Amino acid sequence: MSWTRSLITALAVCVALGAGSAGCGPDETRGRDGVSPSPAGKLLDERDEEGSPYREVDERGAPAVGVQVTPDSEGGWDVRLTVRNFRFTPDGAGDRAVAGRGLAHLELNGRRVALLRTPQYHLSAASVPRGTHQVTARLYADDGSVWAVDGEPVESTADITVSEQAPSPDPSVEPIATTPPQQARVRDGRGRRGGRGSPGTAGRA
């Protein structure tokens, strides 16, 4: 399910795709020799555009991610991620995959713009000119692998359509679109298999 809210100047629709898993808890126990626990999930042959392998985990207890996009008073956009069964790890947390933990890669039109260890990010007005743009958040483990379920990455995509005018400066304006994390399957139209979610529809009032 998705919701849309039309403004004078812009329209954004958020599609929550996201479903991975935190369900490899038994793997986190130490062996009898006291060595570090084995990584969560199973590495697949499939990789993302940057060559990072998918780390397959069970759907039960899976982490999920949603995206909320809001115009700010300066013509830019505030992006906020909502996650479930997932925890952002601080910088320097190490490079071992731990179930349900890691960071998010934020992409704009298929190009990575930030590595996020917090749920908030700001897109400047210059980076989102007039037209339609795709904002995608994808969840990664700390070892650089992509959390995945059924061979699909845990990610969420929002489409932002910007008109000629700047977004409303009204500080009380509600988010244009927000979709909570959910689990389903969809293809994202970028010529590759998309994440997990259900597509939304957009319309102007």
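Our structure's up above, just so we're on the same page.
Okay, so let's go over this structure. Predicted model only: the values in this text are computed from it and were never measured.

1. Some details on the overall build of the chain
Now for step 1: Looking only at helices and strands, the chain features zero helices and 14 strands.
Now for step 2: The order of helices and strands in the chain, counted from the N terminus, is β-β-β-β-β-β-β-β-β-β-β-β-β-β.
Now for step 3: Of the contacts made within the chain by residues no fewer than 6 positions apart, 71% connect residues no fewer than 24 positions apart.

2. So, the packing of aromatic side chains
Now for step 1: This structure, assessed with the given rule, holds one aromatic pair.
Now for step 2: Between Phe86 and Phe88, the aromatic rings sit 5.5 Å apart at their centres with planes inclined by 90°, giving edge-to-face as the arrangement. For the residue pair Phe86 and Phe88, the accessibility class agrees, reading buried in each case.

3. A word on the nonpolar core
The tendency in soluble globular proteins is for nonpolar side chains to be buried as a group.
Now for step 1: Counting 30 residues, the largest nonpolar core has Leu81 and Trp147 as the members making the most contacts within it.
Now for step 2: Those elements giving two or more residues to this core turn out to be strand 4 (64–71), strand 5 (77–84), strand 7 (101–108), strand 8 (111–116), strand 10 (131–140), strand 11 (146–149) and strand 13 (155–162).
Now for step 3: Core analysis: the second largest hydrophobic core is formed by five residues, Leu103, Tyr140, Val146 and Ala148 among them.

About the cut-offs
- Residues numbered from 1 in each chain as written.
- Predicted model: local features only at pLDDT ≥ 70, side-chain atom pairs only at ≥ 80, totals over all residues.
- Heavy atoms only, no water.
- Helix = DSSP H or I, 4+ residues; strand = E, 2+ residues; numbered from the N terminus.
- Contact = heavy atoms within 4.5 Å.
- Phe/Tyr/Trp six-rings, centres within 6.5 Å; stacked < 30°, edge-to-face > 60°.
- Buried < 20%, exposed > 50% of the residue type's maximum accessible area, 1.4 Å probe, protein only.
- Core = buried A, V, L, I, M, F, W, Y, C linked by side-chain atoms within 4.5 Å.

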